[in-house]
Amino acid sequence: MLDEKNVLEAVRRRIEERGEASKLGLPDTAKITWHSLLEGEIVRSIETRRQEERKHYGPIDLSDRPEYDTLARHRVALPKDLTTTQTVTLVRRGSVTERSCDCQQRKDRLPALPRPGRSGV
């Protein structure tokens, strides 16, 4: 930051450059008053996108998750608060498939058999 002497000198140079010294005169002394013109902070927003295949056994409701066709082209709304972490989970359109699981439908499951050296249940 400039001190008062340097500020006054900069004002004098500017008046001379504009050719207004004869109209205004060159200031020899002045009282410098500081006013903040702008206050702010820098907040960085970093976006990471990745695509991975997931398998989930059992029912899961994905109806509340937005769908996308091309991950890089999907627009995400700007966060309301840049100081908090926000995670958005999307579902690729057409990628959800439901399959029955044989292990849950078997009724002929056998109880665990006793092994040698262990007591049976």
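Just so we're clear, the structure is a prediction, and the values are computed from it rather than from any experiment.

Here is what the cut-offs are and how they apply
Residues numbered from 1 in each chain as written. Predicted model: local features only at pLDDT ≥ 70, side-chain atom pairs only at ≥ 80, totals over all residues. Heavy atoms only, no water. Helix = DSSP H or I, 4+ residues; strand = E, 2+ residues; numbered from the N terminus. Buried < 20%, exposed > 50% of the residue type's maximum accessible area, 1.4 Å probe, protein only. Contact = heavy atoms within 4.5 Å. Salt bridge = Lys/Arg side-chain N within 4 Å of Asp/Glu carboxyl O. 1 Å grid on protein atoms, 1.4 Å probe; cavity = no way out; pocket = protein on both sides within 12 Å on 5 of 7 lines; lining within 4 Å. Points joined across faces, edges and corners; volume = space filled by probe spheres on them. Nonpolar A, V, L, I, M, F, W, Y, C, P; charged D, E, K, R; others polar.

A. Spatial organisation of the overall build of the protein. Looking only at helices and strands, the protein has three helices and two strands in total. When its helices and strands are written in sequence order, the protein yields α-α-β-β-α. Expressed as a percentage of the 121 residues in the protein, the buried residues total 7%. Expressed as a percentage of contacts within the protein between residues at least 6 apart in sequence, the contacts between residues at least 24 apart total 43%.

B. Representation of the pattern of salt bridges in the model. In this structure the tally under the stated criterion is six salt bridges. As a salt-bridge pair, Arg-50 and Glu-52 come within 3.8 Å of each other at their nearest N and O atoms. Owing to a relative accessible area of 64%, Arg-50 belongs among the exposed residues under this scheme. For Asp-69, the salt bridge identified is with Arg-93, shortest N-O distance 2.9 Å. With Asp-69 in the loop between β1 (67-68) and β2 (91-92) and Arg-93 in the loop between β2 and α3 (102-105), this residue pair connects regions lying 24 residues apart in the sequence. With relative accessibility at 55%, the residue Asp-69 sits in the exposed group. The exposure class assigned to Arg-93 is partly exposed, which follows from its relative accessible area of 43%. One network of salt bridges, in which partners are shared, links Arg-50, Glu-52 and Arg-54.

C. How the structure looks around the layout of surface pockets. Of the voids in this model, the largest pocket is the one considered here, and its volume is about 1,900 Å³. Contributing to the lining of the largest pocket are 43 residues, with Glu-52, Arg-54, Arg-65, Thr-89 and Leu-90 lying nearest its centre. In terms of residue class, the lining of the largest pocket is made up of 17 nonpolar, 14 polar and 12 charged.

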